[in-house]
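# Structure assessment
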Amino acid sequence: MENLKMPIGIDDFAKLRTNGFYYIDKTGMIKDLLNNWGEVNLFTRPRRFGKSLNISMLRYFFEIGTDQKLFDGLAISRETSLCEEHMGQYPVISISFKTAHADRFEQARSQLCSIIGEEALRFRFLLDSDRLNVDDKRLYGQLIQFDNSGQESFVMPETVLTRSLKNLSMLLQKHYGKKTIILIDEYDVPLAKANENGYYREMIRIIRAMFDSALKSNEGLYFAVLTGCLRVSKESIFTGLNNPKMYTLLDAECDEYFGFTDEEVNRMLSSHGLSGYYEVTKEWYDGYSVAHTNVYNPWDVINWCNQLLTSPNKTPKSYWANSSGNEELRRFIDRLGNGVTKAQLERLIAGQTVQKKIEEQLTYDSMYDTIENMWSLLFATGYLTQSGNPTGNLVRLVIPNAEVRSIFSDFILKLFEKEVAKDGEAVDAFCRALKNGDSAEVEQLFTKFMDKTISIRDTAVKKEFKESFYHGILLGILMYKSDWSVDSNRESGEGYFDIAIEIEDEAIGIILEVKYAEGERFDEACGEALRQIDDRDYTAELRNDDMQTILKYGIACYKKKCKVVMQMGAASP
């Protein structure tokens, strides 16, 4: 058993390979890039899909002075002639734009200067190079010029910034006598942040000019690799490039190098003694279709495995959602009834597909203009994936897995809570009926609340997920009863109840158990809920807290229908 550490947040290839971290071998990408030549190569994948680690891997392979032992035992090491010709043979410029996310243009521009300046400092030996003349060294000096204000930041005039990558690559070529490889990770982050904060035109001018000089007619360039979430429209940013090679989610080339394949996940689980968790790992984190290859979200799998190694009894959760603000999905859900029909969303939540036209080339300043662009955005950013083969640019979209379905569900429930907040009178009536044991009134009012959200259809989605959705609706109603103590999914007796309520000033305790009534078998589902309350003694904690009146509710739901049955429980002695 290998029992190597999980590389959470490690995107430096050398650090990962030399410090006992588990590595899933993606070095075959090097061979494919060299054999399927493209001078400028752009890979678009969702966040946290291994883009930064692959950029780092490319740097360590190609860069002059690299430690070739980093690649011992990996797939690329078996390509002997290729390694002899290319490994450690090129000057490499490697930058990431992921930290260029300022509120104002001037601050963002300063961040770009620092990103370029810090990379340029790696080549300080250029100041002493006997192959560079005085003018060359003056050009280099402009790239590492510090601000004298004490801010410890780099400063460059715009003309220097826009030509910085080209000038640095040409200086490196002159010093080494070899052309330069340029690697740019998260190339589109500055554009996304500029669009959010109102300086998109200024930023696109800078990025366009920078790429124009560095990636077009640059005699110092051997080849370039860029990564990002979106394939930004050629007309807006890649205007000067001659046919850059694109690797998108619909392209078969290099489709297995971002994300983990089923075989790779199986091997990872097995090597750490976690094979028994294969099915739940697949359900929660697999399902992304990249051309002809299905892949798992690597960020999720690594975090999930790390959690299992320390806490084997944990249940899966969403790690990916917490790594970003999920702005794309929030805007999509907010447009319910305004271009997005509830029926389409219901089909997706239920595990079905919707067919949409996918526009792969977007501009950040127009991506939210039409609902069609938003479908394309959700596809590009990983909230939806393709099901089956596209028909032209028509793609059948589906939610990839349980994790992303839970993210959709959470946003829908938040939208529902906003609606509930507007209707305090209905909330009071529901809670009053609940407290009084009026199951018929609870049933009627809960049905009305369900009309305000989507339904969960009786399809391939697991029963547990359907029950959790209705559970969330109930919590969304009860959260506005501030004088009640409401607990969810806590241990009591011999299990975990759905919802428990204590009304302390009246010594009333309430247990709610939710079941999904498949085939509209409401009576059967309510009976199962009540038996579960008794069999697992869910009222134990209420009795321990001296609740004198205990009400047990079995609630069965199907689409937008429900049945509610109440029984009295044994009070505390």
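Scroll up for the structure.
Being a predicted model, the structure only gives us computed values, none of them experimental.

## Points about the overall build of the protein chain
- Secondary structure assignment for the protein chain yields 22 helices and 19 strands.
- Sorting the 573 residues of the protein chain into buried and exposed places 56% on the buried side.
- Contacts in the protein chain between residues far apart in sequence, at least 24 positions, make up 72% of those at least 6 positions apart.
- Of the charged side chains in the protein chain, 69 are positive and 86 negative; the average position of the first set lies 5 Å away from that of the second.

## Thoughts on the pattern of salt bridges
- Counted by the stated rule, this structure contains 30 salt bridges.
- Among the ionic pairs, Glu186 bridges to Lys51, the shortest N-O distance being 3.7 Å. Remark: Lys51 occurs in helix α3 (residues 51-62) and Glu186 occurs in the loop between β3 (180-185) and α9 (189-197); sequence separation between them is 135 residues. The pair Glu186 / Lys51 is uniform in exposure class, with both members buried.
- Note that Arg205 is salt-bridged to Glu158, the shortest N-O span being 3.1 Å. Taken together, the residues span a long stretch of sequence, with Arg205 in helix α10 (residues 200-215) and Glu158 in helix α7 (residues 158-162) at a distance of 47 residues.
- Its relative accessible area of 29% is what places Glu158 among the partly exposed residues.

## Looking at the environment of Gly228
- Mapped onto the elements of the fold, Gly228 is located in strand β4 (residues 221-228).
- A sequence separation of 43 residues divides Gly228 from Asp185, and the C-alpha atoms of the two residues are 6.7 Å apart.
- Aside from chain neighbours lying at most four places away, what touches Gly228 is Phe43, Thr44, Arg45, Lys51, Glu186, Tyr187 and Asp188.

Cut-offs applied
Throughout this description, residue numbers start from 1 for each chain and increase along the sequence as written. Per-residue local features of the predicted model are confined to residues with pLDDT of at least 70, and side-chain atom pairs are confined, for both listing and counting, to 80 or more; whole-chain, interface and lining totals are unaffected and use all residues. Side-chain figures throughout are based on the complete set of non-hydrogen atoms in the structure, without hydrogens or water. What counts as a helix is a DSSP run of H or I of at least four residues, what counts as a strand is a run of E of at least two, and both are numbered from the N terminus. Only protein chains enter the accessibility calculation, which uses a 1.4 Å probe. A residue is then buried if its area is under 20% of the maximum for its type, exposed if over 50%, and partly exposed in between. Every residue pair with non-hydrogen atoms within 4.5 Å of one another is taken to be in contact. By the counting rule applied here, Lys and Arg register as positive and Asp and Glu as negative, while His and the ends of each chain are not counted. Charge positions are represented by NZ for Lys, CZ for Arg, CG for Asp and CD for Glu. The salt bridge criterion pairs a side-chain nitrogen of Lys or Arg with a carboxyl oxygen of Asp or Glu, the two atoms within 4 Å.

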